[in-house]
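What follows is each chain in one-letter form.
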Amino acid sequence: MAEEMTSLMSLEDELTCSICLCPFDCPVTTPCGHNFCQDCLFTTWKENYSCPQCRTHFSTKPELKKNTVLSTVMETFRLRASKSDSSITVKETMKPEEPKHERVVCDTCMEATAVKTCLTCMASFCEDHVRPHKENPIFSTHQLSYPLGDLRERICTDHHKLMEFYCTQHRRCICSVCLQQVHKGCQFSTPDEQRALQESDMRNKLGMLDGKIEKNRNVISEMKSQQSKLKDTASSKKKVLEGEYRQLREMLDREEREALNTVDREQESGQTKLQGLMKKFDQNIDKMSGARDEINNLLSQSESLAFLQASVDLPSQVTFDPYTPRVNLDSKAVAASQAFAAVLREHLFHIFNQPVEARLQILRPGRAEGTPRPPRSHSPGAALRAGQKKKSDRKTDSKDQKGDKTKKQPFQSTPTPKEYPKATCEEPQNKDKPELSKMPPNITSVAKRHDLLQYGTVLTLDGKTAHKRVCLSENFTVATVSDEPNAYPDCPARFSVCSQVLCTKGFSRGRHYWEVKMSSNNFVGLGLAYNSIDRKGPASRLGRNAQSWCVEWFNVKLSAWHASSETVLLNPNPSRVGVLLDCEEGTATFYNVADRATPFHSFVFPFAEAVYPAFWIFSNGSSVSLCKLQT
C-alpha cells in the first residue's frame, strides 16, 4: 500500500504542469524541451514568447506540437488515480472535526472567506472558487483541507515541495523528494495518522496527569487534616507540659519558702537569744552602776567616822566576766537546706546538659518509657534528704562499731579484692538502694590531692596497641605523635586509623587514680576504653563508639565524648589532669590538678568488662606523659 502510494505521488510530480500545478491537459513541448498545458502556455504568451520555466526567449511564436508520449502517460495516471478516489473520499469523511482557525481570505477573489485550502495548488478558495476542484475531474487528485492561513510552514525548505509525509524514525514532516532521498527506507505515515497517534498518546498522558493531580490533591487534603490534628495535639501536649512544669515550679517555690522560713526562724531565734542576753547584761550594768555610785558617795564623805561605819557590798555580777555569745545560722536545718539546694542545682544542671531523650534514663535508670510513675512525695527534696539520712545513719553505725573518732575522709578506704564482685552489665541486686547513689558524683567540690593519691596506680603504655605515628619513650610512659611512622610490626591489637594508644593494665574493680601531663592541651584526648574497642575502622576514635569514653581538647573547645554523643564543657586549660576511676560506683572523674584537684567532668556508666586508660594524640609534636605519683 505504501509503495503504491509512493509511486503514485512520484508520478504525479512528473506529470504536473509548472504553471497551473495540475496534471497535464493536452501537453505540448517547447523548443527548449519543457512541457506545459497548451492552454496554460498560450495564456502566458500574450506580448512576448519565452519559456515560463527556464526563461528562454523566442523571437517568434514557436510552432508547438502535442507530446503524444506524455499524453499516453497521462491516461495511465488518470486510470490509477481514479482507483484511489474511493479511499481518498473515505479518508476525508473520517477526518476529525475541523478546528476553528482565524479567517482566511480566498486567494482568487481576495475578498470572500476561504472554505478550503488545496494542498496541491497551495492556495485557499472560497465557496465559489473551490467549485472546479469539486466538479472538474482534473482536480480529483488534489488534496483539500480546512482553510490554512500560512502555507509556508507546510513547504519543505530543501525541495520546496508540500510536506505530506511524516517520518516516524526522525520525527519530522517530509516531502515526497525527502522520502525518496534522505529518508529512503524510513518508516513513514501521513501527518493525520501521526496526529491521531500522538493525540491518543497525549490523551493517555492527560488521564495519567489527571489521576496524579487528584492523588496529590488527596494527599494535600490529608496533610491539611494532619496539620489540624497536629495543632490540636500540640495544644494538648503544651497544656500537659505547662501543668507539669507549673507543679515543678510550685514545688520549688514551696521548697524555697520552706528553706527561707528555716533561715528566718533561725535568725529570729538567734535575735531572741541575743536580745535576752543584752537585757540581762543591761541589768548587770545597772546593778554595778548603783554599787559604783555608792562607792563614789562614800569617797566624797568628809567625816572619817561616817566613812568607816559605812560598808558597800559588790553585786554578784562582778564575779562573772562578760562574753559575746556565738550565735550564727549554721544549724543543721539551714545547712541541710543549703546543701540540698546546691546538690539539686548540680543534678539539674547535669540533666539539662544531656539530650532530652537521655534525661529519663538518668532520672529513672532501668525503667522503660511509659511505665507507671512511683507515688510522688510531698517535697522534691524529701527523697534526697531521706537518702542522705540513710547514708548518715550507716556511717554512724559503722563508726560506732569500729570506734572510729577520726576525721571523715572524702572517700571510703579501698576494700580488699575479695569484696569486689565480678564486673558485669547486670542491674544491682539491692532494690531498696536510694536513687541518690545513681546520681553523678559531686564535681563542684574541690578535693585534696593527698586524698586522691591513696588510690594511685602505676601505668605503662602498651606498645602493641600504639598507632605507627605514636612514638613511645621513657620506659613506655611518654607518647609523642609525629608525621613519620614507626616501624612497628602489624598486629590485630594495633590502632591503624587513629593515633591512639592503650595502657597495659585494665581495671574492673576497686578505685584507681592516675595523672597525665600534656605538652599542650590541643588536639589531645584522655579517656577509657574496653579492650574490645575497634582498632581498624573510622569509628575506633575514642568516644565515637559505645566501647570508649574520653574528654577531648579540639582547638579551644573541650568536649566529653561517648557513643558519638558530644557534651561541650567549660575549658579550665589544665596542663596536668588526674583521673579517678571508681569501678564499684561506675564513675570516672577528671580533675584539673594544681595545688588542689578541681573536678571538671564525670562519666557515669556500668561496667561490662575491664576498662583501660586510653589516649588520642593528633597534633604533630604533642605528647602525653604518665606522671609518677608521690604522696
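Residues numbered from 1 in each chain as written. Predicted model: local features only at pLDDT ≥ 70, side-chain atom pairs only at ≥ 80, totals over all residues. Heavy atoms only, no water.

1. A short note on the overall build of the protein chain
Our working definition: Runs of H or I in DSSP of at least four residues are treated as helices and runs of E of at least two as strands, each being numbered from the N terminus. Contacts: residue pairs with any heavy atoms within 4.5 Å of one another. We get accessible surface area from the Shrake-Rupley algorithm with a probe of 1.4 Å; when it comes to residues, only the shown protein chains can shield them.
The secondary structure content of the protein chain amounts to twelve helices and 23 strands. Here the contacts in the protein chain between residues at least 6 apart in sequence split such that 58% fall between residues at least 24 apart. Just so you have it, the protein chain exposes about 41,400 Å², and 53% of that area is on carbon and sulfur atoms.

2. Some remarks on the packing of aromatic side chains
In this description, an aromatic ring pair is defined by two values, namely the gap between the centres and the angle between the planes. To keep things clear, this is the line we draw: Here a pair means two rings of Phe, Tyr or Trp (six-membered ring of Trp) with centres within 6.5 Å. Their orientation is stacked below 30 degrees between planes, edge-to-face above 60, and tilted elsewhere. Each ring is checked for a lysine NZ or an arginine CZ that lies within 6 Å of its centre and within 35 degrees of its normal; such an atom marks a charge sitting over the ring.
Taken as a whole and judged by the stated rule, the model has twelve aromatic pairs. Taken together, the aromatic side chains of F523, F554, W616 and F618 make up a single cluster linked through ring pairs. One Lys or Arg, K61, reaches over the ring of F42 and ends 4.7 Å from the middle of that ring. Sitting over the ring of F495, R535 keeps its end group 5.3 Å from the ring centre.

3. What about helix α9 (residues 332-352)?
What counts is decided by this rule: What a helix is expected to span follows from its residue count: subtract one and scale by 1.5 Å. Buried means the residue's accessible area, taken with a 1.4 Å probe over protein chains only, is under 20% of the maximum for its type, while exposed means over 50%, and partly exposed covers the values in between.
End to end, α9 covers 30 Å across 21 residues, agreeing with the expected 30 Å (1.5 Å per residue, within 8%). Considered for burial, the residues of α9 that qualify are V334, F340, E346, H347 and I351.

4. Details of a nonpolar patch on the surface
Test applied: Residues qualify for a patch when their relative accessible area is over 30% and they have no salt bridge, like charges being joined within 9 Å and the nonpolar side chains of Val, Leu, Ile, Met, Phe, Trp and Tyr within 5 Å. Salt bridges are identified by distance alone: a Lys or Arg side-chain nitrogen within 4 Å of an Asp or Glu carboxyl oxygen.
A cluster of nonpolar side chains, I285, M288, I295, L299, F307, L308, L314 and V318, forms an exposed patch at the surface whose accessible area comes to about 740 Å². Elements that contribute at least two residues to the nonpolar patch include exactly α7 (191-299) and α8 (304-309). Broken down by element, the nonpolar patch gets its largest block of residues, four residues, from α7. Of note, L299 is situated in helix α7. Owing to a relative accessible area of 60%, L299 belongs among the exposed residues under this scheme.

5. Considerations on the confidence of the model for the protein chain
Test applied: pLDDT expresses how confident the predictor is about each individual residue, on a scale running from 0 to 100.
Overall, the prediction assigns the protein chain a mean pLDDT of 79, with 81% of residues at 70 or greater. Considering only residues more than four positions removed or in separate chains, one finds that residues 368-441, a stretch of pLDDT under 50, has 77 contacts.

6. Quick word on the sheet that holds strand β8 (residues 165-167)
The strands making up a sheet associate through backbone hydrogen bonding, with each pair oriented either parallel or antiparallel. Stated formally: The criterion for strand pairing is that DSSP finds at least two bridges linking the strands in question. In this analysis an axis means a line fitted to C-alpha atoms, helices contributing only their contacting stretch, and an angle means the value between N-to-C directions, from 0 to 180 degrees.
Pairing is antiparallel in the open sheet, where three strands are placed in the order β9-β8-β10. Whereas interior strands pair on both sides, the edge strands pair on one side only; in this sheet they are β9 (172-174) and β10 (188-189). Pairing geometry for β8 and β9, over three bridges, is antiparallel. Paired with F165 across the bridge in β9 is I174. Against the sheet, α7 touches β8 and β10, its axis set at about 50 degrees to β8.

7. Focus: the sheet that holds strand β20 (residues 587-593)
Across the sheet, which stays open at both edges, the seven strands sit in the order β11-β12-β23-β14-β19-β20-β21 with antiparallel pairing between neighbours. Looking at strand neighbours, the two that pair on one side only are β11 (470-473) and β21 (597-604), the edges of this open sheet. Adjacent strand axes in the sheet meet at a mean angle of 25 degrees when their direction is disregarded. In terms of strand pairing, strand β19 (residues 576-582) meets β20 through six bridges, oriented antiparallel. Bridge assignment links G578 to a residue of β20, and that residue is Y591.

8. Quick word on the side chain of R494
As a reminder, the rule being used: The positive count covers Lys and Arg only, the negative count covers Asp and Glu only, and His and the chain ends enter neither.
Looking at the element boundaries, R494 is found in the loop between β12 (478-481) and β13 (500-502). No salt bridge is formed by the buried R494, whose closest oppositely charged neighbour, D490, lies at an N-O distance of 5.4 Å. Those residues within four positions of R494 in sequence are excluded, and the remaining contacts are G463, K464, T465, A466, H467, K468, Y488, P489, R535 and K536.

9. Things to note about the pairing of β21
Of all eight residues in β21, six are buried, a share of seventy percent or more. When β20 meets β21, the two strands line up antiparallel, connected through seven bridges. Looking at the pairing, V593 lines up with A597 of β21. In textbook terms, the turn of a hairpin is the stretch between consecutive antiparallel strands, and for β20 and β21 this stretch comprises three residues.

10. Regarding the pattern of salt bridges
Enumeration according to the criterion identifies twelve salt bridges in this entry. One salt bridge in this structure joins E199 and R195, with 2.7 Å as the shortest N-O distance. You can see E199 and its partner R195 sitting in helix α7, four residues apart, about one turn around the helix. For E199, a relative accessible area of 24% puts it in the partly exposed group. Put simply, D483 and R469 hold a salt bridge, and the shortest N to O gap is 3.6 Å. Remark: R469 occurs in the loop between α12 (449-453) and β11 and D483 occurs in the loop between β12 and β13; sequence separation between them is 14 residues. Exposure remark for D483: the relative accessible area of 52% places this residue in the exposed category. Assessed through its relative accessible area of 19%, R469 is described here as buried. Linked through salt bridges whose partners overlap, the residues forming this network are R195, E199 and R203.

11. What about the nonpolar core?
This is how the line gets drawn: We define a nonpolar core as any set of buried Ala, Val, Leu, Ile, Met, Phe, Trp, Tyr and Cys residues linked to one another through side-chain atoms lying within 4.5 Å.
Formed by 38 residues in total, the largest nonpolar core has its most connected members in L526, V551, L581, F615 and V624. The element that contributes the greatest number of residues to this core is strand β15 (residues 524-530), accounting for four residues. With residues up to four places along the chain from it excluded, the contact list for V624 reads T477, V478, A479, V516, K517, M518, V524, L526, F615 and I617. Among the nonpolar cores identified, the runner-up in size contains 15 residues, and L15, W45, L70 and M74 belong to it.

12. A closer look at the packing of α7 against α9
Between two packed helices, the angle of one axis relative to the other and the distance separating the axes together describe the packing. For clarity, the cut-off: By the definition adopted for this analysis, an angle is roughly parallel if under 35 degrees, roughly antiparallel if over 145, roughly perpendicular if from 65 to 115, and oblique otherwise. Two helices crossing with the near one rotated counterclockwise from the far one by less than a right angle form a left-handed crossing, whereas a clockwise rotation gives a right-handed crossing. Residues are grouped as follows: Ala, Val, Leu, Ile, Met, Phe, Trp, Tyr, Cys and Pro are nonpolar; Asp, Glu, Lys and Arg are charged; all remaining types, including Gly, are polar.
Across the interface, α7 lies against α9 with an axial gap of 9 Å and an inter-helix angle of 150 degrees. One element, α7, and the other, α9, form an angle in the roughly antiparallel class. Here α7 and α9 pass one another in a crossing that is left-handed. Contact residues: L252, E255, A259, T262, V263 and E266 in α7; A333, V334, S337, F340 and L344 in α9. Residue composition of the contact of α7 with α9, by class: seven nonpolar, two polar and two charged.

13. Remarks on the pairing of strand β17 (residues 557-562)
Direction of pairing for strand β16 (residues 548-554) relative to β17: antiparallel, over a ladder of six bridges. Bridging across to β17, V551 finds its partner in A560. Between β16 and β17, which pair antiparallel in sequence order, lie two residues; one of them, N555, sits at a positive phi of approximately 60 degrees.

14. Description of α7
Taking 1.5 Å of rise per residue, the 109 residues of α7 would be expected to cover 162 Å, and the 151 Å separating its terminal C-alpha atoms lies within 8% of that figure. Within the sequence span of α7, burial applies to Q194, G243, M251, E255, T262, G270, L277, N284, A291 and L298.

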